[in-house]
Structure formats: structure tokens, C-alpha cells
Amino acid sequence: MSGLRHLRLLLLWGSACLWLPYLAQGALVISGPSNSFQEITGSQSMRQKRSTSNLVEVQSVVVDCTVTSRFAHSVMTSEALNLANVSQEIFFEVDLPKTAFISNFSMEIEGQVYVGEVKEKKTAKKEYEKAVSSGQTAGLVKVSGRKMEKFSVSVNIAGKSGVIFSLTYEELLHRKLGQYEILVRVKPKQVVNKFQIVANIYEPQGIAYVNTHSTFLTNDLLPLVEKTVSEKDAHISFSPTMEQQRKCPDCDGTIIDGDFIIEYDVKRSADLGEIQVVNGYFVHFFAPPNLPRVPKNVVFVIDRSGSMYGRKIQQTREAMLLILDDLNEDDFFSIVQFDHNIDVWKPSLTKATTDNVAEAKIYARNIRESGGTDINGGVLRAVEMLVSDRASGLIPERSIDMIILLTDGMPNSGEYRLPKIQENVRNATGGNMSLFCLGFGNDVDYSFLDTMSRQNKGLARRIFEGSDAALQLKGFYQEVSSPLLSEVELRYPDNAVESVTTTHFDQLFNGSEIVVAGHLLDNNLDSFLAEVYGQGFEQDFQVQGQATTLDWNVLYPNESYIFGKFMERLWAYLSIQQLLEKSKSGTPDEKANATADALDMSLRYSFVTPLTSMVVTKPEDKEHGDDPLIADKLTEAERQEAERHASRYGSYPPSTPSYSSPTYFVDGDPHFMIELPDKNDALCFNVNDKPGTIYNLVKDTTLGILVNGQTIGDKMIPPDGTINTYLGRFGIVHNILGVKLEVTTTTISVYQNNNWMKFLWSDAASVKGKNVDLVLHKDRSLKVTLKDSVKFVILLHKVWEKHPYHRDYLGFYTLDTHLLSPSVHGLLGQFYHGIEYEVTDLREGETPEKPDATMFVKGLELNVTRGWQRDFRRDWKNGEKIPCWFVHNNGTGLVDGDATDYIVSGLFKTV
């Protein structure tokens, strides 16, 4: 290590983490004196990471978001000081919404400011290729979960010097299900001297409500969220001290890790909507209240091909049952399912009466996967049904026709040429119905679905594989399930406005909003006429009124200086988004013109879009010169490809959020596991005792939560004499809520409200109670959600009933552990608020594939072995192998005290 010229550290915006970056398999590459590379194993890198953790002082992390008439301007700033005498490479990372455009980035080092420059992507590509050819990693933006993307940059900072990073991004907030959402992702990784989130919302239309919540806010942190709401503005701030950020009084780790979310809506009174004129530009927000919904005629087209096997088809069935429950009785519907054959529930659409919905549920429960994928045939059959029923007068005249397609793969049966399928569907619909395409997983061609949807008055949406896929499907349906108007046209006088964004919209759905913006021909114009037309339920909708200029100095006399040219930038953002959409469809000339216009506006307003890149030139150093870094904007197809690559080759973590937090579980015979994704590592240990022993797993005396688990043994001792024990019975108690559960391998018993309920594992149930919610998946899993608190998942492992030795057993997993108090303990619970350790001295073990190492933890020096355990959350049958450091002798040294200290006398006892 003495030959190192500089160390590599990470400063996440909102992060401040000291990090020696891992490569794909836990290796670390450090640049040495002669441009050579020294490779160190992941275990050794952990020791180096901790030894350098005091060399950078993170002085501030500030998130400043200003929302003006739905247009959000966010600035992320981090300041750090290198305390060492040698240079250090410091990373700055920001997670930003995928719908946002980066508009500025700067680094201030020793009084010199380095600013990113937005260039055409073709121009930037040459600089990118130059940087790559010199051995540099030039890309700055990567996928970060479903809603976000990650901007990352690093710079070499001299000893005793500081750096200030600042990133700005902008977006027009989209109204969804009746509200706007501001999402801020924070991952400090350590306590920060000045940590602050500030959001200021200015809405001249009037603010109806503002809500805030977070994935990391504990009961102690909730009072620190300050919220002030007046008639036309709201101010939210969150500024915990260093002590309030700590996981526990003596910990260096921070409890702040996750999403901070602000939700709000505006007041709505006028049918015309709200028109605002500022500095020669206008915006028109149209979402009139109290419109009656228009009945819909919907055909659900379900892919049941062989690739939908297992979890996908099960979640599709679950989603269909939820969606069918949401149908209104004046809707008409049908179901088409396809593999290489096409089957329909009924030959015509059916009114959504209680009896018909119940019959459809029976049909949906019996959808089974098999065969190929004939997307063309499935969609065309749905179109034929809608066309025929409308021609025959079987569906209401004033109603909206739509098709919702769900598929997980590429067509490989019937017509398989993608352009031909798009042509067939476009010709068949004739512009008379909407097609919404849902792409399930990473194997679909999202661009194909997106284009086909846009050609047919619809849109496409990706459905991510994960435990919440059924909820994703239902959530999308809720967005489009209540049409209010169709063929909506917003009109403005040609002699008053120009460069107006899209003014025709196929539908207006309940909970959404239409937005139009444009430029005034005369900047001194005080007012102009606006009109809106649309087709409603019983009659056509028509309204007109005058748009008048707003005096922001009067509305906000003390804060008008912050607004600048926000209205012009709102118009530019919306124009670019719509031009990018137009560039995907139409004639070649139309596509080329839309692309050229979008590029011109992106450069003029310094937005990083799919057509531009931000070139960041770092300060020159002796090793790399002034090679630039490039920040691009990912398209949805590029995001999908990145996730597909990650899932296959492990380039970066899965995008499913539920697996990005630390995981604690006990499964197998019995294996205790602490997964720590932020460390790219895991710890594990076994506990062995005679069958019938009851262990305390989780005990939070502050919140009154207790979880105990009892071991069971094999039916008989195998010939090799090995006695295997498993967990076969759990007791869960929440004393404050008065909830008690007993879970065995055959039954689930729940006590609440002075009553006992009993379920069998062979049941499927979803129960919402006053203090506890249960979701039981038949013969698979039970999810227990305690009110305003932690969630537990219990998995049932079924063994062949005639197996001579083994028997069914249970696994226990915990979610949302940050909601438990710092006093939580137990055999598993003691790790919920983190564990500090370092591993070094990697050496050969008893077998080559399982090396030994030395772990320093809790003041002790332990011999540990690199092994693996199975995590059954993703693959409940076979499990997923997770590498971990195995601590021998029942976890001695890692566990507080001895494993026998956690033995209790009863399933609901504390001693």
C-alpha cells in the first residue's frame, strides 16, 4: 500500500460516503505510481475502506428544490475537504428522476470553477471515444431503479484542499392519480455536518394540500420535517443535526438512506382551467373538476405464452382480479388470451354487472401459460370485437374504446415482423380506439410497444418484475380507467400566440392534467381568448375565457427574484418532450424535422436530452490530462437494455427497490443472514441446538414488538447421523397494538380485536385489519404488516411428504427495519441498525473455493470462511446463492453474548 500515489473515495450527493469502488466480483483496482494496477480482493478492500474513513470531511449536503407552477428546479450541492496530505479521487453521485433534464453541473476547486457544457451528442461522442481510448470511464449517467437515473463524476483533489459539487436538473411535474410528486433520493452513508432538504412550492392557482413521507423517517425524525402551507405557497424543510442522523448514539452510520417524497395538488374551480402569462410566455393547465366519467369499452389482451411461466402468470392473474373489481357497471369488457392460439372469454363485450364480473374472475383464475407468442393475432382479435360491437350497436354510442395489451416477449408465432404488426394494428383501429401496451420484464421490445401505442392514441408502460408487479398493473389501469373527455382541443388566437405545444389530446383521464404552453407574439399583450372543446359523457364540452397576465411581484412580493425565466423554460421543456415523441412516429421528413427542432431547443436551453450530452472537463492531472467525461440522457429502451445486461451479467445491482436495502433473515437449518448491499457483502452464521428450542429473534421493548422462533428436527436421524434442525414455528407479538400471530408449517393463527382467526397455508387470502394486514399466497408466503411499523415475510418450504427424513419448514425475512427503535435486539434484531467490521488476511481454507480470513468485529479477532447461503425471496423454490462471510461456532463473537442467551421458555415469552 505504501506505493499508492492517491486513494479513491466516494462523496455521494447527499451521500458523503468513503468508498473504494468494487468491480463486478468484489475486486478493487487502485492506480499506482507507474500507471499499473494493483488488484485487491473485496475482503482486503473493506479494511482499506475503513482505514481511510477519516481522510475526508463532508462539510455540507444540501438539496434545494423550487417548484413554480409545476415546474421544478432542483439543485444538489455537496462540499468536502480532503484532510490528507496526499491527493484523493472523490466521487459525487446524484440520483435524479428519469423524467428530468440536467441543465447545469459545476465543480469548484481551489477557487477555480469547472462547468459542464451541453453539446450535440454527435460532437460529444468524439470526445467520449477519445476518453475511452485513453482508458478512462467516460459515461456519467446510469440506471438507478425504476424511477431514477444516477449521475456520477469523480475528481482528484490535492491534499488539504476542498471541492464543491453542484448539479441542477429541471422537470415539469406530471399529475398522476390526482397529485404531483417530488421525489428526492438521499444516501449519505455517514453523518454530515450540514444536511438539509428544502422545497419551496409556488402555485398561483392555490394549494389544496401538501403531504410528506419518507422511506427512512423514524418517529424521532418526523418532528424535524417542518411544513408551512399558505394559500398559494408551501415550504418544507428537513435539517437533522449530526446526532439526529446517527443510527444510534455511538454509531458512525446514518439512518438517512432512501426516498424523501412530497405530494401535493392545487385547487381547481374554473372549467377553463388555469392560464398563466409571465414574461411573454403562457401555460394552460386543464383539469376541470366534477366532470362525469365517460363509460369505456375495454378488451384485456393477455399474453399466456410459455415465457409467462411461474411468477409472471400468477401476478397477471392477481392483477386481473383486482382490475375486474374496479370496473364500473356502465363499462363493457372482455378478455382475450393468446399464445400461438387466440382464445376469447366471450365473443362480444359484456356489461360489467356483478354477475358478469364474478364469471370473468373464474375465467381469469384459470389462465395458464403455454406455447408461442402471437401478439398480432391477439390484438387484432380485440380490435375486431370492438369494431363489430360498435357497428351492431351493442355498446353505448357515447363511450370510449380501448385495448390493454400485456406481454412479456417478442412475437414468434403468426406475424412476427414488428413493422408489419404495427401497420396491421394501425389499419385495423382506424384511429377509432386507444391501445395501451404493458411490457412485462426485460425481454420485450419496448420501442416496438411504445411506437405501436402512440400510433393508436395510447401509451406504453414497462412493468418491472418484482413482488409488486400485480400492483404496478393495477396502478396503470387506475390511471386510464376513468376517461372524462375525448378528442380534447385547446384553441388560442393565431394573431396572439405562436410556437404552441400540442393542443389536441385523445383523452383526459380522471386525476391527470392537460398542459399547453406557448409564446406571445406581443410581450405587452395583457389578455387573450382561450377555448376548450371535448366530447363528454352526455354532451359535448365547450368553454371559453380570457387569459390574463399574472403579476408575480404582487403575488409573491418578497420572493419574486427566484422565479427568473421559469415560464420560458417550462415551455422549452414541454416542447422538447413532445418533439422527442413526434420523432418516433410519422413520415421520415416529420421525424427529421422534429429531431432537428428538439436538438436546437436542447442546445439553446442547455438541457441534457437524448439528443445532447454534457461534457465535463476535469482539472488536468499528470496521469489523465484533461480527458472529458460525458453525461447522457437515457431513453427508456437504453434503460431496459442496461437492466437486461445487469440481470444477466451482474454489472450493477437489480433495479427492484425492495432489494436495495439491507436484508436480515433466517432460513434453512437454520442459517442467519445479514445482507449489506451498500458494502457489497453479507455475514452469516448458523445456530444449532436440539429440536424444540425457542429463540428470541427480535425484541423491541420500546415499541412492544417480539418475534420468537422454534426449531423442529427431521422425521428421523439420517444414516450419516447428522441431526438437522429448522425453524418450524413463529410467534409474533405487538403488545401496544394488541396483535398476536402464531405461524406453523400448516396453519396461521391471528389474534386481534379480541378475536382469533385461523388460516391454512393451502388458503389464499388478503386481510386488512385495524392494526395488522396479512397477504397469504397459497403454499408459498405470508406477509405481515404491523400498523405504521415493520413488515415480516414468512416463507413456507414444502418438502415431498414421503421424504424419509426431511419435513416442511419456514423462513423468516424482515422489511422496513428502520422503523424499529434503536433499542431493538434479539438474535437477528441486534443487526438491524448496522454492524461495523473489517476483514483482512485472506488465506487458503479447508477447500479452495472457501477461503478463510480474519474478521475484526466488536473488539474481537475471528476466523471466518467465505461461503454462501440461499436467499429465497426471488426464487422461492431453489433460492439464490448469496456469498457471505461465515462466522463459526453459532456466531460467537459476532452475536452479543452466546446463542444460548437467546433461548426463551415459550413462543410468546421474553425469558
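These figures come from a predicted structure and were not determined experimentally. Within each chain, residues carry numbers counting from 1 in the order of the written sequence. Confidence filtering applies because this is a predicted model: local features only for residues at pLDDT of at least 70, side-chain atom pairs given and counted only at 80 or more, and all residues used for totals across whole chains, interfaces and linings. Excluded from the side-chain calculation are hydrogens and water; included are all heavy atoms of the structure.

Colleague: Quick question: what am I supposed to make of the overall build of the protein here?
Modeller: Helix and strand assignments follow DSSP, with helices taken as H or I runs no shorter than four residues and strands as E runs no shorter than two, numbered in order from the N terminus. On a plain count of helices and strands, the protein comes out with 14 helices and 53 strands. Any residue under 20% of the maximum accessible area for its type is buried, any over 50% is exposed, and the rest in between are partly exposed; the area is computed with a 1.4 Å probe on protein chains only. Split into buried and exposed, the 911 residues of the protein put 56% on the buried side. Long-range contacts, defined here as pairs at least 24 residues apart, represent 66% of the contacts in the protein between residues at least 6 apart. In the form shown here, the protein has an accessible surface area of approximately 38,700 Å², with 48% of it arising from carbon and sulfur atoms. Note on contacts: a residue pair qualifies if any of its non-hydrogen atoms lie within 4.5 Å across the two residues. Computed with a 1.4 Å probe, the accessible areas rest on the Shrake-Rupley method; for each residue, only the protein chains presented here act as cover.

Colleague: I would appreciate a short explanation of the sheet that holds strand β28 (residues 483–491) in the present structure.
Modeller: Within a beta sheet, neighbouring strands are joined by backbone hydrogen bonds and run either parallel or antiparallel to one another. At least two bridges found by DSSP between two strands is the condition for calling them paired. The four strands lie next to each other as β30-β28-β32-β33, forming an open sheet whose pairing is antiparallel. Unpaired on one side and paired on the other, β30 (504–509) and β33 (540–548) mark the two borders of the sheet. Going from strand to strand, the sheet's axes swing by 30 degrees on average, the running direction of each strand aside. Pairing of strand β32 (residues 527–535) with β33, which is carried by nine bridges, proceeds in the antiparallel orientation. Within the sheet, the bridge partner assigned to L529 lies in β33 and is Q546. Interaxial angles span 0 to 180 degrees and are taken between N-to-C directions of axes, which are lines fitted to C-alpha atoms, for helices over the stretch in contact.

Colleague: Any chance you could explain the packing of aromatic side chains here in plain terms?
Modeller: What describes a pair of aromatic rings is the distance from one ring centre to the other and the angle between the planes of the rings. The pairing test for Phe, Tyr and Trp rings, Trp by its six-membered ring, is centres within 6.5 Å, and the orientation test on the planes gives stacked under 30 degrees, edge-to-face over 60, and tilted for anything in between. Applying the stated criterion across every chain, the model contains 26 aromatic pairs. Chaining the aromatic ring pairs together yields one cluster made of F71, F101, Y573 and F607. Charges are assigned to positions over rings by a cutoff of 6 Å between ring centre and Lys NZ or Arg CZ, combined with an angular limit of 35 degrees from the ring normal. Positioned above the aromatic ring of W345 is the side chain of K346, whose terminal nitrogen or guanidinium carbon lies 5.0 Å from the ring centre.

Colleague: I tried to follow the pairing of strand β48 (residues 791–797) on my own but got confused; where do I start?
Modeller: Each regular strand carries side chains that alternate between the two faces of the sheet. Among the seven residues in β48, six count as buried, and that is most of the element. Connecting the antiparallel pair strand β47 (residues 781–786) and β48 is a turn made up of four residues, with D788 showing a positive phi of about 55 degrees.

Colleague: Even after reading the chapter, I still don't get the side chain of Q337, so can you show me in this structure?
Modeller: Summarising the element assignment, Q337 is placed in strand β22 (residues 332–338). Between N or O atoms, a polar contact is any pair within 3.5 Å; within protein, one atom must be a potential hydrogen donor and the other a potential acceptor, and residues adjacent in sequence are included only when both atoms are from side chains. In this structure the side chain of Q337 is engaged in a polar contact, spanning 3.1 Å, whose partner is the side chain of R304. Engagement of the side chain of Q337 in a polar contact is seen with the side chain of Y363, the distance being 2.8 Å. Among residues more than four places away in sequence, those in contact with Q337 are I302, R304, I342, D343, Y363 and I367.

Colleague: It is not clear to me how the pattern of salt bridges should be interpreted in this structure. Could you clarify?
Modeller: A side chain with one charge may pair with a side chain of the opposite charge, provided their charged atoms come close. Basic side-chain nitrogens of Lys or Arg form a salt bridge, by our definition, when they fall within 4 Å of a carboxyl oxygen of Asp or Glu. Scanning the entire structure with this criterion turns up 36 salt bridges. Of the charged contacts in the structure, one is a salt bridge between R268 and D265, with a shortest N-O distance of 3.0 Å. The two residues R268 and D265 agree in class, both being buried. With a shortest N-O distance of 3.1 Å, D841 and R843 are connected by a salt bridge. Overall, the relative accessible area of 42% leaves D841 in the partly exposed class. We classify R843 as partly exposed; its relative accessible area is 29%. Beyond isolated ion pairs, a larger network of salt bridges with shared partners links R70, R175, E203, D265, R268 and E513.

Colleague: So what exactly am I meant to see when it comes to the side chain of Q276 here?
Modeller: Relative to the elements of secondary structure, Q276 occurs in strand β19 (residues 274–278). Here the side chain of Q276 touches S69 through a polar contact of 2.5 Å, side chain to side chain. With residues up to four places along the chain from it excluded, the contact list for Q276 reads S69, P204, Q205, Y281, F282, V283, F285, L550, W552 and M567.

Colleague: Sorry, what's going on with the state of the cysteines here?
Modeller: Such a bond, covalent and formed between the sulfur atoms of two cysteines, is termed a disulfide. The term disulfide is used for any two cysteine sulfur atoms that are within 2.5 Å. This structure, assessed with the given rule, holds one disulfide. The side chain of C684 participates in a disulfide bridge whose partner is C884; the two sulfur atoms lie 2.1 Å from each other. One quick way to see it: the torsion about the S-S bond of C684 and C884 is about 70 degrees, and its sign makes the bridge right-handed. Of this pair, C684 sits in strand β38 (residues 681–686) while C884 sits in strand β53 (residues 880–887), placing them 200 residues apart in sequence. Relative accessible area serves as the criterion here: at 1%, C684 is assigned to the buried category. In this structure C884 comes out as buried when scored by relative accessible area, which is 0%.

Colleague: Would you explain the nonpolar core in this entry?
Modeller: General note: in soluble globular proteins, nonpolar side chains tend to be found buried as a group. By nonpolar core is meant a set of buried Ala, Val, Leu, Ile, Met, Phe, Trp, Tyr and Cys residues that side-chain atoms within 4.5 Å join together. Ranked by size, the top nonpolar core spans 58 residues in total, and within it F685, L697, W761, L774, F792, F812 and M855 carry the most contacts. Look past the residues within four positions of F812 in its chain and what remains in contact with it is Y664, F665, V666, L697, V698, V707, F730, F792, V793, I794, L828 and Y832. Grouped together as the second largest cluster of nonpolar side chains are 57 residues, V63, I207, F238 and V608 included.

Colleague: For this particular structure, what's the right way to read the sheet that holds strand β12 (residues 162–172)?
Modeller: If you walk across this open sheet you meet the eight strands as β8-β7-β12-β5-β4-β14-β17-β16, and the pairing is mixed. The sheet is open, and its two edges are formed by β8 (112–115) and β16 (225–229), each paired on a single side. If you compare each strand with its neighbour and ignore which way they point, the axes differ by 10 degrees on average. Here strand β4 (residues 56–68) pairs with strand β5 (residues 71–82) via twelve bridges, running antiparallel. Looking at β5, one finds that V61 is bridged to S78. Sheet strands in contact with helix α11 (residues 566–582) are β4, β5, β7 (101–109) and β12, and its direction is about 70 degrees off that of β12.

Colleague: Before we go on, may I ask you to explain the packing of helix α4 (residues 311–326) against helix α9 (residues 469–480) in this structure?
Modeller: When two helices pack together, their arrangement is given by the angle between the helix axes and by the axis-to-axis distance. Contact geometry of α4 with α9 gives a least axis separation of 8 Å together with a crossing angle of 30 degrees. When the axes of α4 and α9 are compared, the crossing they make is right-handed. Side by side, α4 and α9 meet where Q315, T316, E318, A319, L322, I323 and D326 of the first sit next to A469, A470, L473, K474, Y477 and Q478 of the second. Three residue categories are used. Nonpolar comprises Ala, Val, Leu, Ile, Met, Phe, Trp, Tyr, Cys and Pro, charged comprises Asp, Glu, Lys and Arg, and polar comprises the others, including Gly. Of the residues in the contact of α4 with α9, the class split is seven nonpolar, three polar and three charged. Here is the rule for handedness: rotate from the far helix to the near one, and if that takes an anticlockwise turn smaller than a right angle the crossing is left-handed, while a clockwise turn gives right-handed.

Colleague: Help me understand empty space enclosed by the protein, please; the structure alone is not making it clear to me.
Modeller: Where empty space is left in the structure can be found by rolling a water-sized probe over the atoms. We place a 1 Å grid over just the protein atoms. Points where a 1.4 Å probe fits but has no way out form a cavity, open points with protein on both sides within 12 Å along at least 5 of 7 lines form a pocket, and any residue with an atom within 4 Å of a point lines it. Grid points are joined across faces, edges and corners, and a volume is the space filled by probe spheres set on the points. Taken as a whole, this structure holds five cavities of 30 Å³ or more when the rule is applied. Considering only enclosed or pocket space, the largest cavity measures out at about 100 Å³ in volume. Around the largest cavity, the lining residues are F300, I302, T316, A319, M320, I323, I404, L406, L438, L473, F476 and Y477. Where the lining of the largest cavity is concerned, the elements lending two or more residues are β21 (296–303), α4, β25 (400–407) and α9. The leading source of residues in the lining of the largest cavity is α4, at four residues. Classifying every residue of the lining of the largest cavity by side-chain character gives eleven nonpolar, one polar and no charged. Approximately 60 Å³ is the volume attributed to the second largest cavity. Elements represented by at least two residues in the lining of the second largest cavity include exactly β4, β5, β12 and β13 (180–186). The class makeup of the residues in the lining of the second largest cavity is nine nonpolar, one polar and one charged.

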